[in-house]
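Listed below, chain by chain, are the residues.
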Amino acid sequence: MTLTDSDRTPGPGSDGGAATDIPGPAGLPLLGSMLDLRRDSLSAFVRAQREHGDVVRLQAGPPGLRSVFHAVFSPAGVQQILGTEAANFRKDHPLYEEVRQAFGNGLLTSQDEDYLRQRRLVQPLFTKRRVDTYAAAVTTEADAVAERWRTADPSGVDLVPEMNRLALRTVSRILFGTDVEAAVDVIHRCAPVINAYVVRRAYAPLKVPRDWPTPGNRKVQDASAEFSAVCDRIIAERRAASGTTGDGGRAADGDDLLSLLADAGNEEDGSLDATEVREQVLIFLLAGHETTATSMAFTLHLLAKHPEEQARVREEIDRVLADREPTAEDLERLPCLTRAFKEAMRLYPAAPVVSRRAVEATEIGGYVIPAGADVVVAPWVTHRSPDLWEDPERFDPERFTPEREAARHRYAWFPFGGGPRACIGQHFSMLESVLAMATLLRAHELEAVDQEVPVAAGITLQATGPARVRLRPRDLGSEGG
């Protein structure tokens, strides 16, 4: 509920006492919770929820440079922020401003008329009908990984870089058609540099101006320039190829995503110019490959740790696919694998913390979030709430049977966000992940080497250690293909 001035009477979370009446950790006298948040922000948020409830006020930094923000963990509170009162919670948080500066004002970061215009143009590219046509590109890339794994080191492979490269190659094939290798190498090298820089600046009490020639600024400027240049080059090549035939690629047919974006920019309303097309591509790469890679890596690692669940998933894959390639229609025919994927996204949401800024003072959970306050919701915490999930740290795909999903609050599980800014690529991520993992699990049995994988929150969830598995290739029989 958004409050007007006449509604603001003294009480918990109201004017005058709003900041102090919302509970939260005291932290250190001089630094507040800054050290805890820098060491392990995800654990700090979990402790805050366990000790102080579902609406928490946190302070970080020294006096004079201290940042104050509020965390909301209950499904009802999350629904207010992302859903029913989304217009009151804008993407004006410092993290989004840094992403905006680094990757442009694409669909992830744009707001108001810019966002509505971009979403209207991009939405047709992510309809179920369009996304289903990407299935062949997904299985082509997954088949290549499955084949390469047959000669992998017997000590195992690390699923984190393996899935990162698979997801990046898949998205690049769909975005860029035949120019996969050039795009993959640049993005693989440059994206981590830009991501780390963005997160450091977003939470720094003092920010060095971007145009100062510091080593860090120069490094990220070079990475950003290279990242942008490869997109600009391919956009130019696609536009030059439009209307021609015989180049052997998908661009001439206009059915790769980059060509479709470029075509949108050619419409009479001029809604997407060359810069905007590039910014959309950069955002899709940021949001489209890292998030999917994270979800696939943790799903496969959890199945490797739980051989009984892996056997159940593989039996389903063998029964449904036999000796043929998976298709888009198989997404509905692999519920066991889909449940494992959803459970992995519960435990390891690719976007573990989502940031907003309140426009007006708003009552949530009996407290008032002040106007202008920075606010976070955290799938990482809500997905682990003992009030919502029995034995929440346990891997249990059966939590996602249709009956149990229907019985839960809509925002007890929200790895794709929700409301008017819900992830436009949700179906794409589900299709890519389920079909790719079905391809890999049909060809290999996985045994976990690392039992635990340390993680940290960046723009997306980052594995800070390996997720190694040993591979046992399955004999599928030469006559079965």
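This write-up is about the structure you can find in this document. (Residues numbered from 1 in each chain as written. Predicted model: local features only at pLDDT ≥ 70, side-chain atom pairs only at ≥ 80, totals over all residues. Heavy atoms only, no water.)

## Topic: the overall build of the chain
So, point 1. Each helix and strand in the chain was counted, giving 17 helices and 12 strands.
So, point 2. Within the span of the chain, comprising 481 residues, buried residues form 54% of the whole.
So, point 3. Across the chain, every contact between residues at least 6 apart in sequence was considered, and the portion connecting residues at least 24 apart equals 72%.
So, point 4. Surface accessibility of the chain: about 20,600 Å² in total, with carbon and sulfur atoms responsible for 53%. (Helix = DSSP H or I, 4+ residues; strand = E, 2+ residues; numbered from the N terminus. Buried < 20%, exposed > 50% of the residue type's maximum accessible area, 1.4 Å probe, protein only. Contact = heavy atoms within 4.5 Å. Areas by Shrake-Rupley, 256 points an atom, 1.4 Å probe, with all protein chains shown as cover.)

## Considerations on the sheet that holds strand E9 (residues 444–448)
So, point 1. Spatially, E4-E12-E9 is the arrangement adopted by the 3 strands of the open sheet, whose pairing is antiparallel. Whereas interior strands pair on both sides, the edge strands pair on one side only; in this sheet they are strand E4 (157–158) and E9.
So, point 2. Looking at chain direction, E4 and strand E12 (residues 468–473) are connected through 2 bridges and run antiparallel. Bridge pairing links Asp-158 to Arg-468 in E12.
So, point 3. Running over the sheet, helix H12 (residues 274–305) touches E9 and E12 and is turned about 80° from E9. (Pairing = 2+ DSSP bridges. Axes fitted to C-alpha atoms, helices over the stretch in contact; angles between N-to-C directions.)

## Some remarks on the packing of aromatic side chains
The relation between two aromatic rings is expressed through the spacing of the ring centres and the mutual angle of the planes.
So, point 1. Taken as a whole and assessed by the stated rule, the structure comprises 8 aromatic pairs.
So, point 2. An aromatic cluster of three or more residues is present, and its members are Phe-298, Tyr-348 and Trp-380.
So, point 3. Positioned above the aromatic ring of Trp-380 is the side chain of Arg-384, whose terminal nitrogen or guanidinium carbon lies 3.8 Å from the ring centre.
So, point 4. Directly above the aromatic system of Phe-400 lies the positively charged group of Arg-408, at a separation of 4.9 Å from the ring centroid. (Phe/Tyr/Trp six-rings, centres within 6.5 Å; stacked < 30°, edge-to-face > 60°. Lys NZ or Arg CZ within 6 Å of the ring centre and 35° of its normal.)

## Observations concerning unusual backbone geometry
So, point 1. A positive phi angle, close to 55°, is found at Asp-112, a residue other than glycine.
So, point 2. Tracing the chain through its elements places Asp-112 in helix H5 (residues 112–122).
So, point 3. Judged by its relative accessible area of 48%, Asp-112 is partly exposed.
So, point 4. Positioned with a positive phi, Asp-391 is a non-glycine residue whose angle comes to about 45°.
So, point 5. Within the secondary structure, Asp-391 is located in the loop between helix H15 (379–382) and helix H16 (402–407).
So, point 6. Overall, the relative accessible area of 43% leaves Asp-391 in the partly exposed class.

## Considerations on helix H7 (residues 135–149)
So, point 1. Between its first and last C-alpha atoms H7 spans 21 Å; for 15 residues at 1.5 Å apiece the expected length is 21 Å, and the two agree.
So, point 2. Restricting attention to buried positions, one finds in H7 the residues Ala-135, Ala-137, Val-138, Thr-139, Glu-141, Ala-142, Val-145, Ala-146 and Trp-149.
So, point 3. The secondary structure elements touched by the buried residues of H7 are helix H6 (128–132), E4, helix H8 (159–176), helix H17 (426–443), E9 and E12. (Expected span 1.5 Å × (residues − 1).)

## Here's the deal with the pattern of salt bridges
So, point 1. Scanning all chains against the criterion turns up 33 salt bridges.
So, point 2. The residue Glu-162 makes a salt bridge to Arg-148 at a minimum N-O spacing of 2.9 Å. Of this pair, Glu-162 sits in helix H8 while Arg-148 sits in helix H7, placing them 14 residues apart in sequence.
So, point 3. The exposure class of Arg-148 is partly exposed, given its relative accessible area of 40%.
So, point 4. One salt bridge in this structure joins Glu-398 and Arg-339, with 3.5 Å as the shortest N-O distance. One end of the pair, Glu-398, is in the loop between H15 and H16; the other, Arg-339, is in helix H14 (residues 335–347), with 59 residues separating them in the sequence.
So, point 5. Owing to a relative accessible area of 17%, Arg-339 belongs among the buried residues under this scheme.
So, point 6. Within this structure, Glu-309, Arg-312, Arg-339 and Glu-398 form a network of salt bridges that share partners. (Salt bridge = Lys/Arg side-chain N within 4 Å of Asp/Glu carboxyl O.)

## Points about the layout of surface pockets
So, point 1. Space inside the largest pocket adds up to approximately 890 Å³.
So, point 2. Around the largest pocket, the lining is made up of 33 residues, and of these Leu-37, Arg-38, Val-199, Ala-202 and Tyr-203 lie nearest the centre.
So, point 3. Considering every element that reaches the lining of the largest pocket, the biggest residue donor is helix H2 (residues 34–52), with 7 residues.
So, point 4. Within the lining of the largest pocket, the residues separate by chemical class into 20 nonpolar, 7 polar and 6 charged. (1 Å grid on protein atoms, 1.4 Å probe; cavity = no way out; pocket = protein on both sides within 12 Å on 5 of 7 lines; lining within 4 Å. Points joined across faces, edges and corners; volume = space filled by probe spheres on them. Nonpolar A, V, L, I, M, F, W, Y, C, P; charged D, E, K, R; others polar.)

## Side note on empty space enclosed by the protein
So, point 1. A complete count under the given rule lists 1 cavity of 30 Å³ or more for this structure.
So, point 2. Roughly 910 Å³ of volume is contained in the largest cavity.
So, point 3. If you trace the largest cavity, you find 46 residues lining it, with Leu-108, Ala-287, Thr-291, Ala-351 and Cys-423 closest to the centre.
So, point 4. Contributing elements (two or more residues each) for the lining of the largest cavity: helix H4 (94–103), H5, H8, H12, strand E5 (354–358) and H17.
So, point 5. Per element, the largest residue contribution to the lining of the largest cavity is 8 residues, and it comes from H12.

## Let's talk about the sheet that holds strand E1 (residues 55–60)
So, point 1. Strand order in the open sheet formed by 5 strands is E1-E2-E8-E5-E3, and the pairing between neighbours is mixed. Lying at the two open borders of the sheet, with one neighbouring strand each, are E1 and strand E3 (89–90).
So, point 2. Bridge count between E5 and strand E8 (residues 374–377): 4 bridges; the pairing is antiparallel. Across the sheet, Ser-355 pairs through a bridge with Val-376, a residue of E8.
So, point 3. On top of the sheet, H2 reaches E1, strand E2 (67–72) and E8; it is set at about 155° to E1, its chief contact.
So, point 4. Those strands touched by H4 are E5 and E8, and its axis lies near 110° from that of E5.

## Overview of the environment of Ile-187
So, point 1. Tracing the backbone shows Ile-187 in helix H9 (residues 180–202).
So, point 2. A C-alpha to C-alpha distance of 9.8 Å links Ile-187 and Ser-224, two positions 37 residues apart in sequence.
So, point 3. In contact with Ile-187, other than residues within four places in its own chain, are Leu-168, Ser-172, Phe-176, Pro-192, Phe-227, Leu-285 and His-289.

## As for the packing of helix H13 (residues 307–321) against H17
So, point 1. Interaxial distance between H13 and H17 falls to 9 Å at its minimum, and their mutual angle equals 100°. In terms of their interaxial angle, H13 and H17 are classed as roughly perpendicular. Here H13 contributes Gln-310, Val-313, Arg-314, Ile-317, Asp-318 and Leu-321 to the contact with H17, which in turn contributes Ala-438, Leu-441 and Arg-442.
So, point 2. Of the residues contributing to the contact of H13 with H17, the split by class is 5 nonpolar, 1 polar and 3 charged. (Parallel < 35°, antiparallel > 145°, perpendicular 65-115°, else oblique.)

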